[in-house]
Amino acid sequence: MLKLFNNISERFDFENIKVEDNSRHYAREQACLICSFSFKNRRFEIFIPKLFPIKLPKITMLNGKKYAHIDADGVVCLVNQEDINYDIDNKEKILIKYLNSFVKLFEMNNEQMESEVKIEYNDYLKNFSSFKKIECLLLTNDVINDNKLFKYDNRIFIGTNNSLFSRCIKPKEKNITYLNFLFLDLDDLPSAFDEVRANDFFKCLSEKSKIILKKYNSKSINQYFLLNYKNNDIYNYILLEFTSCKSQTNNLFLDENAKLSIYSVRNVSTNFLRFRGGSDIFEDNILVVGCGSVGSELLEILASTGYNNLDIVDNDQMNYENTYRFSTGFFYLNNFQPKFKTDILKFELENKYPDVTITNYNADIIDLIENKLINLSDYKYIVCTTGNNILYKFINKYIYENKIKTKFIFAWLEPYGIAEHVLSINAENKGCFECYEKSSSAVNIACPNNSYKIRNNVCSGSFTPYGKLSTISLACTITEILLNDSKGIELLKNKHYCKKGNCTTFVNLGYQTTKYFNYSQEEIDNISEDFILEGCRVCGKCNS
């Protein structure tokens, strides 16, 4: 390996290569090779592991001026490591690519380097002597000026009792210290390569923040300032703490006697976590009717995708017989005691996604409507996942008779998951559920004359068989339709979506199929657009 490294080093102008028997950075027994070398007037050490090239080398700077992508311990961070082609049979090629990435770091001009540093500025705070190694978490999505600073368990939290903080620890917990802070904006950042002072931060404050600071007056011994800066459309934060504040001046940033401590702030607000997770935030109200196999999976996906306001309806209880069809499985069944499905989902999802608010109804949707306990007009979308044809007809008739403008989705699965169906209505004056049932667009793969329910030794124990993949697939299809409408990518319209599934089990059991069994997916898509029925007794009468 030394010979290989020596040969490659010539092309990169590495000098004074020396094999190291000991290293303060790496364990000798895990190394294939540890050696030091000189490059660009700096001294580096490279560690090539025994598992190379499955595991890549590491380079540490031993001396020299601070530089971009080199942490406080001198470890070089190669930001484009993932671009290295892992051809594990060609060690030379991989090592050349790795070292080429290393060399490119030192080809940046000052402007490029400053730009790179600002992206990861909080990492460079560790280089400052005033840096405090205390975890500081920003938890709020509320107006920051209205928040408090909490000290608890050697950590700092910024938020309110209504924020993620209340989900992490009990707000009434003892030993919590509540403190105020002032929120200020930065137009720029101080240099990350020189010891930073309070005055350096003051120079970077926005003019508006300087005016706020000028009016600020506090007699507290410890004072806190949360500094905000925006980089690549992402907000980043730095917390400053001034102690021993005995100066007569209001501007602690200019007070040389005040002791400065700097904290790196990790943004774990749910807004940022949504962005980090690739989801948006939607304030649209959604009602989901039916929280069984499909509904529970749908709610999990909606909550994680960014729909924060969810109402759920189901009067069914969770018991051990349907655990494998429910999203949470056995987890909430203590001593096999039945629990309402909506209670389980509310508890589960509000704890997993703190910005989600769920209102649950342990009741029948028909009773809720008839007793005016729920108003269907309050929602932008209503999704019905029960698969109950009679219920779908009732809701379909009700919304047209009462001229409700909410967009509706009816969803169901065919036996053994041979097809999934989504019917969207009320998005335009073009057909309803009744129209669909009587039109040529009513695509069914399974022959409707067969009985597919399996009876489970009790009168009410029958069920239609289909698996987890089918329920997740249908939930994903519904979510994609809603997302496209919410984002304005493809507006919801009256349409029947039919997706063919795996028919192997169904056919092997000898069940009969319709003519659509032999249709391709493209052919099915072409007959799913228009299902309006002239003179329909529901939408035709109500729209006239």
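Coordinates for the structure precede this section.
Description of the structure in this document. Note that the structure is a prediction, hence the values are computed from the model and not measured.

Cut-offs applied
- Residues numbered from 1 in each chain as written.
- Predicted model: local features only at pLDDT ≥ 70, side-chain atom pairs only at ≥ 80, totals over all residues.
- Heavy atoms only, no water.
- Pairing = 2+ DSSP bridges.
- Helix = DSSP H or I, 4+ residues; strand = E, 2+ residues; numbered from the N terminus.
- Axes fitted to C-alpha atoms, helices over the stretch in contact; angles between N-to-C directions.
- Contact = heavy atoms within 4.5 Å.
- Core = buried A, V, L, I, M, F, W, Y, C linked by side-chain atoms within 4.5 Å.
- Buried < 20%, exposed > 50% of the residue type's maximum accessible area, 1.4 Å probe, protein only.
- Disulfide = S-S within 2.5 Å.
- Polar contact = N/O pair within 3.5 Å; in protein donor to acceptor, adjacent residues only side chain to side chain.
- Expected span 1.5 Å × (residues − 1).
- Patch = residues over 30% accessible without salt bridge, like charges linked within 9 Å, V, L, I, M, F, W, Y side chains within 5 Å.
- Areas by Shrake-Rupley, 256 points an atom, 1.4 Å probe, with all protein chains shown as cover.
- Salt bridge = Lys/Arg side-chain N within 4 Å of Asp/Glu carboxyl O.

Taken together, eight strands build an open sheet; the order of strands is 8-6-7-5-12-11-10-9 and the sheet is mixed. In the strand order of this sheet, the two ends are held by strand 8 (177–179) and strand 9 (182–185), each with one partner. In this sheet, neighbouring strand axes are inclined to one another by 30° on average, regardless of whether the strands run parallel or antiparallel. Bridge count between strand 11 (residues 234–243) and strand 12 (residues 259–267): seven bridges; the pairing is antiparallel. Bridge pairing in strand 12 links E241 to S261. Relative to the sheet, helix 7 (residues 207–215) contacts strand 9 and strand 10 (223–231), its axis offset from that of strand 9 by approximately 150°.

Moving on: the nonpolar core. Counting residues in hydrophobic clusters, the biggest one holds 62 residues, and the most contacted among them are L99, F102, F225, L227, I238, L240 and F253. For this core, the element with the most residues is helix 2 (residues 91–105), which contributes eight residues. If sequence neighbours within four positions are ignored, L99 has contacts with F5, I8, F12, F14, I46 and I59. Within the second largest apolar cluster, 38 residues are counted, among which are F326, L349, Y353 and L483.

Right, let's get into the state of the cysteines. Scanning all chains against the criterion turns up zero disulfides. Unpaired in terms of disulfides, C435 finds its nearest cysteine sulfur in C539, a separation of 3.4 Å. Looking at C435, the relative accessible area reads 0%, which means it is buried. Free of any disulfide, C536 has its nearest neighbouring cysteine sulfur in C435, separated by 3.6 Å.

In this structure, H421 sits in strand 20 (residues 419–425). C-alpha separation for the pair H421 and L474, spaced 53 residues apart in sequence, amounts to 7.6 Å. Within the structure, the side chain of H421 is placed 2.9 Å from the side chain of H496, a separation counted as a polar contact.

Before going further, it helps to examine the sheet that holds strand 2 (residues 31–39). If you walk across this open sheet you meet the four strands as 1-2-3-4, and the pairing is antiparallel. Here the strands that pair on one side only, and so sit at the sheet edges, are strand 1 (15–19) and strand 4 (58–61). Between one strand axis and the next, the sheet turns through 20° on average, direction left out of account. Along the sheet, helix 2 makes contact with strand 2, strand 3 (42–49) and strand 4, crossing strand 4 at roughly 30°.

Before going further, it helps to examine helix 9 (residues 293–305). Its 13 residues give helix 9 an end-to-end C-alpha distance of 19 Å, which sits within 8% of 18 Å, the value for a rise of 1.5 Å per residue. Counted residue by residue, helix 9 has twelve buried out of 13 residues, so it is predominantly covered. Where helix 9 is concerned, the buried positions are S293, V294, G295, S296, E297, L298, L299, E300, I301, L302, A303 and T305. Backbone geometry just after helix 9 places G306 at a positive phi near 125°.

Okay, the side chain of N122 next. Tracing the backbone through its elements, the reader meets N122 in helix 4 (residues 121–124). Side-chain polar atoms of N122 contact the side chain of Y229, separated by 3.3 Å. Apart from the residues within four sequence positions on either side, N122 is in contact with Y229, Y237, I238, S264 and V265.

Attention shifts here to the environment of L78. Checked against the element boundaries, L78 lands in the loop between strand 4 and helix 2. By relative accessible area, L78 is classed as buried at 6%. When the C-alpha atoms of L78 and K104 are compared, they prove to be 9.6 Å apart, with 26 residues separating the residues in sequence. Not counting residues within four places of it along the chain, the set of residues in contact with L78 comprises Y98, S101, F102 and L105.

Once that is clear, we can look at a nonpolar patch on the surface. On the surface, a cluster of nonpolar side chains totalling about 310 Å² of accessible area is made up of L51, I54 and I88. Tracing the backbone through its elements, the reader meets I54 in the loop between strand 3 and strand 4.

All right, on to the pattern of salt bridges then. For the structure on display, the rule yields 19 salt bridges. Across the pair E135 and R266 runs a salt bridge whose closest N-O atoms are separated by 2.5 Å. Placement of E135 in the loop between helix 4 and strand 5 (136–138) and of R266 in strand 12 is noted, with a sequence separation of 131 residues between them. D200 serves as the salt-bridge partner of R197, at 3.6 Å between the closest nitrogen and oxygen. Through salt bridges with shared partners, one network takes in E135, R155 and R266.

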